[in-house]
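Geometric and topological summary
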Amino acid sequence: MKKKKEKAEKAEKPQLTKEERRKKIRTGVLYWVILNFGVLLLAVGVYLFKSPNNFATGGVSGISIIIAKYTKGTFFTQPVINFIINGVLLVIGFIFLGKGCTFKTAYCSLMYTIEMYALQWIFEAAHVQLPLTDNKFLEFVYAMMLTGIAAAILFHCKASSGGTDIIALIVKKYTKLNIGIALIVSDFVIAASTFFIFQDIATGLYSLLGLLFKSMLVDTVIDSIGKSKAVTIITSHPEIISKFIIEGMHRGVTSYKAQGGYTGEEKTVILTVCKPREAIKLKIRIHNADPTAFVILNNTNEIIGKGFRSFSD
(Lines give C-alpha, C1' and ligand atoms only; values in the text may rest on other atoms or scores of the structure.)
Protein backbone atom coordinates (compact mmCIF):
# COMPACT_ATOMS: atom_id res chain seq x y z
CA MET A 1 0.00 0.00 0.00
CA LYS A 2 2.84 2.35 0.94
CA LYS A 3 4.70 1.59 -2.29
CA LYS A 4 1.58 2.31 -4.36
CA LYS A 5 1.13 5.63 -2.57
CA GLU A 6 4.78 6.58 -3.25
CA LYS A 7 4.39 5.65 -6.94
CA ALA A 8 1.20 7.72 -7.17
CA GLU A 9 2.91 10.75 -5.57
CA LYS A 10 5.89 10.34 -7.91
CA ALA A 11 3.56 10.20 -10.93
CA GLU A 12 1.77 13.37 -9.81
CA LYS A 13 5.02 15.36 -9.64
CA PRO A 14 5.60 17.41 -12.83
CA GLN A 15 8.52 16.20 -14.92
CA LEU A 16 11.30 18.73 -15.28
CA THR A 17 12.55 19.67 -18.73
CA LYS A 18 16.20 19.19 -19.69
CA GLU A 19 16.89 22.91 -19.26
CA GLU A 20 15.14 22.99 -15.88
CA ARG A 21 17.23 20.04 -14.67
CA ARG A 22 20.42 21.76 -15.78
CA LYS A 23 19.36 24.95 -14.03
CA LYS A 24 18.59 22.99 -10.86
CA ILE A 25 22.03 21.35 -10.95
CA ARG A 26 23.76 24.71 -11.55
CA THR A 27 21.83 26.27 -8.68
CA GLY A 28 22.77 23.37 -6.39
CA VAL A 29 26.46 23.57 -7.30
CA LEU A 30 26.50 27.36 -6.84
CA TYR A 31 24.80 26.97 -3.43
CA TRP A 32 27.52 24.61 -2.12
CA VAL A 33 30.30 26.76 -3.58
CA ILE A 34 28.91 29.84 -1.75
CA LEU A 35 28.38 27.83 1.46
CA ASN A 36 31.97 26.53 1.45
CA PHE A 37 33.29 30.02 0.64
CA GLY A 38 31.48 31.29 3.74
CA VAL A 39 33.06 28.56 5.90
CA LEU A 40 36.51 29.36 4.48
CA LEU A 41 36.11 33.09 5.26
CA LEU A 42 35.11 32.19 8.81
CA ALA A 43 38.14 29.93 9.31
CA VAL A 44 40.54 32.53 7.89
CA GLY A 45 39.06 35.32 10.00
CA VAL A 46 39.23 33.32 13.24
CA TYR A 47 42.63 31.67 12.72
CA LEU A 48 44.56 34.64 11.31
CA PHE A 49 42.98 37.55 13.15
CA LYS A 50 40.57 36.68 16.00
CA SER A 51 42.51 33.93 17.76
CA PRO A 52 46.03 35.49 17.72
CA ASN A 53 44.66 38.74 19.17
CA ASN A 54 42.29 37.09 21.69
CA PHE A 55 39.24 38.80 20.18
CA ALA A 56 36.61 36.66 21.92
CA THR A 57 33.44 38.30 20.58
CA GLY A 58 31.16 35.43 21.55
CA GLY A 59 30.18 32.06 20.15
CA VAL A 60 32.14 28.83 20.28
CA SER A 61 35.16 30.51 18.67
CA GLY A 62 35.22 32.96 21.59
CA ILE A 63 34.94 30.17 24.17
CA SER A 64 37.69 28.15 22.48
CA ILE A 65 39.99 31.22 22.36
CA ILE A 66 39.52 31.67 26.12
CA ILE A 67 40.06 27.97 26.98
CA ALA A 68 43.10 27.76 24.66
CA LYS A 69 44.86 30.28 26.92
CA TYR A 70 44.99 27.62 29.65
CA THR A 71 45.79 24.65 27.35
CA LYS A 72 48.61 26.30 25.40
CA GLY A 73 51.34 23.83 24.43
CA THR A 74 49.07 20.78 24.75
CA PHE A 75 47.06 18.75 22.26
CA PHE A 76 44.02 20.92 23.01
CA THR A 77 44.69 23.74 20.57
CA GLN A 78 42.01 26.24 19.63
CA PRO A 79 40.79 24.20 16.58
CA VAL A 80 40.58 21.02 18.73
CA ILE A 81 38.63 22.78 21.50
CA ASN A 82 36.34 24.36 18.91
CA PHE A 83 35.64 20.95 17.34
CA ILE A 84 34.92 19.28 20.70
CA ILE A 85 32.52 22.00 21.87
CA ASN A 86 30.72 22.09 18.51
CA GLY A 87 30.46 18.29 18.51
CA VAL A 88 28.89 18.26 21.98
CA LEU A 89 26.48 21.07 21.06
CA LEU A 90 25.44 19.29 17.84
CA VAL A 91 24.59 16.14 19.80
CA ILE A 92 22.59 18.23 22.30
CA GLY A 93 20.92 19.97 19.36
CA PHE A 94 19.84 16.71 17.75
CA ILE A 95 18.43 15.52 21.10
CA PHE A 96 16.48 18.67 21.98
CA LEU A 97 15.80 20.23 18.57
CA GLY A 98 15.66 17.37 16.10
CA LYS A 99 15.24 18.95 12.67
CA GLY A 100 16.31 22.33 14.07
CA CYS A 101 19.88 21.00 14.05
CA THR A 102 20.37 20.23 10.36
CA PHE A 103 22.90 18.35 8.27
CA LYS A 104 24.17 21.66 6.89
CA THR A 105 25.10 22.91 10.36
CA ALA A 106 26.99 19.68 11.08
CA TYR A 107 28.71 19.91 7.68
CA CYS A 108 29.75 23.55 8.22
CA SER A 109 31.06 22.75 11.70
CA LEU A 110 33.17 19.84 10.37
CA MET A 111 34.53 21.79 7.38
CA TYR A 112 35.35 24.75 9.62
CA THR A 113 37.44 22.53 11.91
CA ILE A 114 39.23 20.85 8.97
CA GLU A 115 40.07 24.23 7.44
CA MET A 116 41.34 25.52 10.79
CA TYR A 117 43.69 22.50 10.97
CA ALA A 118 44.77 23.10 7.35
CA LEU A 119 45.56 26.77 8.06
CA GLN A 120 47.48 25.79 11.19
CA TRP A 121 49.56 23.27 9.22
CA ILE A 122 50.23 25.70 6.33
CA PHE A 123 51.32 28.65 8.49
CA GLU A 124 53.38 26.53 10.88
CA ALA A 125 55.13 24.86 7.91
CA ALA A 126 55.83 28.30 6.43
CA HIS A 127 57.06 29.54 9.87
CA VAL A 128 54.68 32.51 9.76
CA GLN A 129 54.28 34.24 13.12
CA LEU A 130 50.85 35.33 14.25
CA PRO A 131 49.48 37.94 14.62
CA LEU A 132 50.48 39.05 11.14
CA THR A 133 50.99 42.71 12.12
CA ASP A 134 51.54 44.78 15.27
CA ASN A 135 48.56 46.98 14.40
CA LYS A 136 45.78 45.69 16.65
CA PHE A 137 43.07 47.89 15.17
CA LEU A 138 43.84 46.70 11.62
CA GLU A 139 43.72 43.09 12.81
CA PHE A 140 40.40 43.82 14.54
CA VAL A 141 38.85 45.27 11.37
CA TYR A 142 39.82 42.22 9.31
CA ALA A 143 38.70 39.82 12.04
CA MET A 144 35.23 41.35 12.24
CA MET A 145 34.88 41.92 8.51
CA LEU A 146 35.76 38.35 7.51
CA THR A 147 33.77 36.61 10.24
CA GLY A 148 30.81 38.98 9.84
CA ILE A 149 30.57 38.43 6.08
CA ALA A 150 31.04 34.69 6.62
CA ALA A 151 28.20 34.54 9.16
CA ALA A 152 25.92 36.47 6.79
CA ILE A 153 26.69 34.08 3.92
CA LEU A 154 25.97 31.05 6.10
CA PHE A 155 22.70 32.54 7.39
CA HIS A 156 21.72 33.37 3.81
CA CYS A 157 22.34 29.71 2.91
CA LYS A 158 20.10 28.72 5.87
CA ALA A 159 23.06 27.22 7.71
CA SER A 160 25.43 28.13 10.52
CA SER A 161 28.67 26.89 12.00
CA GLY A 162 26.74 25.60 15.01
CA GLY A 163 27.91 26.82 18.40
CA THR A 164 25.88 29.11 20.61
CA ASP A 165 23.12 29.30 17.97
CA ILE A 166 22.08 25.84 19.17
CA ILE A 167 22.04 26.94 22.82
CA ALA A 168 19.91 29.96 21.92
CA LEU A 169 17.43 27.76 20.02
CA ILE A 170 17.12 25.42 23.03
CA VAL A 171 16.63 28.38 25.39
CA LYS A 172 13.92 29.74 23.10
CA LYS A 173 12.15 26.36 22.94
CA TYR A 174 11.92 25.88 26.71
CA THR A 175 11.65 29.49 27.96
CA LYS A 176 9.95 32.73 26.95
CA LEU A 177 13.30 34.40 26.25
CA ASN A 178 13.66 35.78 22.73
CA ILE A 179 16.37 34.03 20.64
CA GLY A 180 18.06 37.34 19.78
CA ILE A 181 18.27 38.33 23.45
CA ALA A 182 19.56 34.84 24.36
CA LEU A 183 22.37 35.16 21.81
CA ILE A 184 23.28 38.69 22.90
CA VAL A 185 23.38 37.70 26.57
CA SER A 186 25.57 34.63 25.97
CA ASP A 187 27.93 36.46 23.61
CA PHE A 188 28.15 39.48 25.93
CA VAL A 189 29.20 37.25 28.85
CA ILE A 190 31.92 35.63 26.70
CA ALA A 191 33.19 38.98 25.39
CA ALA A 192 33.13 40.65 28.83
CA SER A 193 35.09 37.78 30.40
CA THR A 194 38.15 38.72 28.30
CA PHE A 195 38.76 41.69 30.64
CA PHE A 196 39.50 39.28 33.50
CA ILE A 197 40.95 36.28 31.64
CA PHE A 198 43.50 38.10 29.48
CA GLN A 199 43.89 40.99 31.96
CA ASP A 200 44.10 43.45 29.10
CA ILE A 201 41.66 46.35 28.87
CA ALA A 202 42.31 46.87 25.14
CA THR A 203 41.49 43.23 24.33
CA GLY A 204 38.30 43.41 26.39
CA LEU A 205 37.18 46.64 24.75
CA TYR A 206 37.92 45.26 21.27
CA SER A 207 35.92 42.10 22.08
CA LEU A 208 32.87 44.08 23.21
CA LEU A 209 33.14 46.44 20.24
CA GLY A 210 33.50 43.45 17.93
CA LEU A 211 30.27 41.96 19.27
CA LEU A 212 28.37 45.11 18.26
CA PHE A 213 30.25 45.59 14.97
CA LYS A 214 29.69 42.01 13.86
CA SER A 215 25.94 42.02 14.52
CA MET A 216 25.54 45.23 12.49
CA LEU A 217 27.72 43.89 9.67
CA VAL A 218 25.79 40.61 9.48
CA ASP A 219 22.46 42.45 9.12
CA THR A 220 23.90 44.79 6.47
CA VAL A 221 25.42 41.98 4.38
CA ILE A 222 22.25 39.82 4.59
CA ASP A 223 20.17 42.79 3.39
CA SER A 224 22.64 43.40 0.53
CA ILE A 225 22.62 39.75 -0.56
CA GLY A 226 18.82 39.59 -0.67
CA LYS A 227 18.28 43.03 -2.20
CA SER A 228 15.92 43.32 -5.17
CA LYS A 229 14.25 46.16 -7.06
CA ALA A 230 10.47 46.54 -7.20
CA VAL A 231 9.81 48.50 -10.41
CA THR A 232 6.66 50.42 -11.33
CA ILE A 233 6.54 51.71 -14.93
CA ILE A 234 3.85 54.06 -16.26
CA THR A 235 4.14 54.05 -20.06
CA SER A 236 2.40 54.53 -23.39
CA HIS A 237 4.40 51.66 -24.97
CA PRO A 238 3.76 48.64 -22.72
CA GLU A 239 4.23 45.98 -25.43
CA ILE A 240 7.92 46.74 -26.05
CA ILE A 241 8.79 47.04 -22.36
CA SER A 242 6.81 43.95 -21.31
CA LYS A 243 8.40 41.89 -24.09
CA PHE A 244 11.90 42.87 -22.93
CA ILE A 245 11.12 42.01 -19.29
CA ILE A 246 9.62 38.61 -20.19
CA GLU A 247 11.97 37.51 -23.00
CA GLY A 248 15.13 39.50 -22.27
CA MET A 249 15.15 39.36 -18.47
CA HIS A 250 13.02 36.23 -17.97
CA ARG A 251 10.92 38.00 -15.34
CA GLY A 252 7.17 38.19 -14.94
CA VAL A 253 5.07 41.32 -15.34
CA THR A 254 1.70 42.51 -14.06
CA SER A 255 -0.01 45.31 -15.98
CA TYR A 256 -3.21 47.30 -15.78
CA LYS A 257 -4.73 50.40 -17.31
CA ALA A 258 -4.67 53.69 -15.41
CA GLN A 259 -5.66 57.30 -16.05
CA GLY A 260 -3.57 60.33 -15.26
CA GLY A 261 -5.28 62.57 -12.73
CA TYR A 262 -3.91 65.78 -14.24
CA THR A 263 -3.86 65.04 -17.99
CA GLY A 264 -6.69 62.49 -18.11
CA GLU A 265 -4.52 60.49 -20.50
CA GLU A 266 -4.79 56.70 -20.36
CA LYS A 267 -1.56 54.86 -19.62
CA THR A 268 -0.45 51.31 -18.79
CA VAL A 269 1.13 50.55 -15.43
CA ILE A 270 3.64 47.68 -15.44
CA LEU A 271 4.82 46.05 -12.21
CA THR A 272 7.87 43.79 -12.03
CA VAL A 273 10.62 42.73 -9.65
CA CYS A 274 14.26 42.15 -10.60
CA LYS A 275 17.82 42.19 -9.31
CA PRO A 276 19.73 45.52 -9.09
CA ARG A 277 21.92 44.72 -12.13
CA GLU A 278 18.84 43.85 -14.19
CA ALA A 279 17.24 47.15 -13.15
CA ILE A 280 20.08 49.06 -14.84
CA LYS A 281 19.43 47.26 -18.16
CA LEU A 282 15.69 47.79 -17.74
CA LYS A 283 16.09 51.56 -17.24
CA ILE A 284 18.12 51.81 -20.47
CA ARG A 285 15.50 49.80 -22.37
CA ILE A 286 12.64 51.91 -21.00
CA HIS A 287 14.43 55.12 -21.97
CA ASN A 288 14.92 53.85 -25.55
CA ALA A 289 11.33 52.63 -25.88
CA ASP A 290 9.54 55.48 -24.11
CA PRO A 291 11.62 58.50 -22.96
CA THR A 292 8.50 60.01 -21.35
CA ALA A 293 7.79 56.95 -19.16
CA PHE A 294 7.43 57.47 -15.41
CA VAL A 295 9.49 54.90 -13.47
CA ILE A 296 9.56 54.17 -9.73
CA LEU A 297 12.27 51.87 -8.32
CA ASN A 298 12.10 50.68 -4.70
CA ASN A 299 14.72 48.69 -2.83
CA THR A 300 13.29 45.59 -1.18
CA ASN A 301 14.91 42.79 0.82
CA GLU A 302 12.16 40.21 0.81
CA ILE A 303 10.33 39.03 -2.30
CA ILE A 304 8.24 35.86 -2.06
CA GLY A 305 7.24 34.13 -5.27
CA LYS A 306 8.55 32.23 -8.28
CA GLY A 307 12.13 33.18 -9.13
CA PHE A 308 12.76 34.57 -5.67
CA ARG A 309 11.94 33.09 -2.23
CA SER A 310 9.28 30.62 -1.17
CA PHE A 311 7.06 30.95 1.93
CA SER A 312 9.06 28.15 3.62
CA ASP A 313 12.38 30.03 3.39
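In this report, we go over the structure that sits alongside the text. None of the values given here were measured: they were computed from a predicted structure. (Residues numbered from 1 in each chain as written. Predicted model: local features only at pLDDT ≥ 70, side-chain atom pairs only at ≥ 80, totals over all residues. Heavy atoms only, no water.)

**Focus: the overall build of the protein chain**
Counting its secondary structure elements, the protein chain contains 12 helices and four strands. When the 313 residues of the protein chain are sorted by exposure, 37% land in the buried category. Excluding contacts between residues fewer than 6 apart, the proportion of contacts in the protein chain whose partners are at least 24 apart in sequence is 72%. (Helix = DSSP H or I, 4+ residues; strand = E, 2+ residues; numbered from the N terminus. Buried < 20%, exposed > 50% of the residue type's maximum accessible area, 1.4 Å probe, protein only. Contact = heavy atoms within 4.5 Å.)

**With respect to the nonpolar core**
Counting 25 residues, the largest nonpolar core has Leu 35, Leu 42, Tyr 47, Cys 108, Tyr 112, Met 116 and Leu 154 as its most contacted members. At the level of secondary structure, the elements contributing two or more residues to this core comprise helix H2 (18-50), helix H5 (103-125) and helix H6 (136-156). Looking at this core element by element, the count peaks at nine residues for H2. If we skip the residues at most four places from it in the chain, Met 116 touches Ala 43, Val 46, Tyr 47, Gln 78 and Pro 79. (Core = buried A, V, L, I, M, F, W, Y, C linked by side-chain atoms within 4.5 Å.)

**Comments concerning helix H10 (residues 201-225)**
Over its 25 residues, H10 runs 36 Å from end to end, which matches the ideal 36 Å to within 8%, given 1.5 Å per residue. For H10, every residue scored as buried is listed here: Thr 203, Gly 204, Tyr 206, Ser 207, Gly 210, Leu 211, Leu 217, Val 218 and Val 221. (Expected span 1.5 Å × (residues − 1).)

**Points about the pairing of strand E2 (residues 254-259)**
Sheet topology places E2 next to strand E3 (residues 266-274); six bridges connect them, and they run antiparallel. If you follow Ala 258 over to E3, its bridge partner there is Lys 267. Hairpin connection from E2 to E3: six residues lie between these consecutive antiparallel strands, with Gly 264 at a positive phi of about 75 degrees. (Pairing = 2+ DSSP bridges.)

**A short note on the environment of Ile 241**
Relative to the helices and strands, Ile 241 resides in helix H11 (residues 238-248). A relative accessible area of 1% places Ile 241 in the buried class. For the pair formed by Ile 241 and Asp 290, sequence separation is 49 residues and the distance between their alpha carbons is 8.7 Å. Among residues more than four places away in sequence, those in contact with Ile 241 are Ile 233, Thr 235, Ile 270, Leu 282, Ile 286 and Ala 289.

**Points about the pattern of salt bridges**
With the rule as written, the count across this model stands at three salt bridges. The closest approach of N and O atoms between Lys 136 and Asp 200, which form a salt bridge, is 3.5 Å. Of this pair, Lys 136 sits in helix H6 while Asp 200 is found in the loop between helix H9 (194-197) and H10, placing the two residues 64 residues apart along the sequence. For Lys 136, a relative accessible area of 25% puts it in the partly exposed group. (Salt bridge = Lys/Arg side-chain N within 4 Å of Asp/Glu carboxyl O.)

**Looking at the packing of H2 against H6**
When two helices pack together, their arrangement is given by the angle between their axes and by how far apart the axes lie. Contact geometry for H2 and H6: axes closest at 8 Å, N-to-C directions at 155 degrees. Considered as vectors, H2 and H6 are oriented roughly antiparallel to each other. Here the hand of the crossing between H2 and H6 comes out left-handed. Classifying every residue of the contact of H2 with H6 gives 18 nonpolar, three polar and two charged. (Axes fitted to C-alpha atoms, helices over the stretch in contact; angles between N-to-C directions. Parallel < 35°, antiparallel > 145°, perpendicular 65-115°, else oblique. Left-handed = near helix turned anticlockwise from the far one by under 90°. Nonpolar A, V, L, I, M, F, W, Y, C, P; charged D, E, K, R; others polar.)

**Observations concerning H2**
Its 33 residues give H2 an end-to-end C-alpha distance of 47 Å, which sits within 8% of 48 Å, the value for a rise of 1.5 Å per residue. Residues of H2 that are buried: Leu 35, Gly 38, Val 39, Leu 41, Leu 42, Ala 43, Gly 45, Val 46, Tyr 47, Leu 48, Phe 49 and Lys 50.

**Let's talk about the side chain of Ser 207**
The residue Ser 207 is located in helix H10 in this model. When its relative accessible area of 0% is taken as the criterion, Ser 207 is described as buried. Within polar-contact distance, the side chain of Ser 207 engages the backbone oxygen of Thr 203 at 2.9 Å. Once you skip the residues sitting within four places of it in the chain, Ser 207 turns out to touch Asn 54, Phe 55, Ala 56, Thr 57, Ala 191 and Thr 194. (Polar contact = N/O pair within 3.5 Å; in protein donor to acceptor, adjacent residues only side chain to side chain.)

**Focus on unusual backbone geometry**
Working note: non-glycine residues mostly have negative phi, and peptide bonds are mostly trans. In the segment running from Leu 130 into Pro 131, the intervening peptide bond is cis, with an omega of 0 degrees. Summarising the element assignment, Pro 131 is placed in the loop between H5 and H6. In this structure, His 127 takes a positive phi of about 55 degrees despite not being glycine. A positive phi is found at Gln 199, a non-glycine position, where the angle reads about 50 degrees. For Gln 199, the position within the fold is in the loop between H9 and H10. Given a relative accessible area of 72%, Gln 199 falls into the exposed group.

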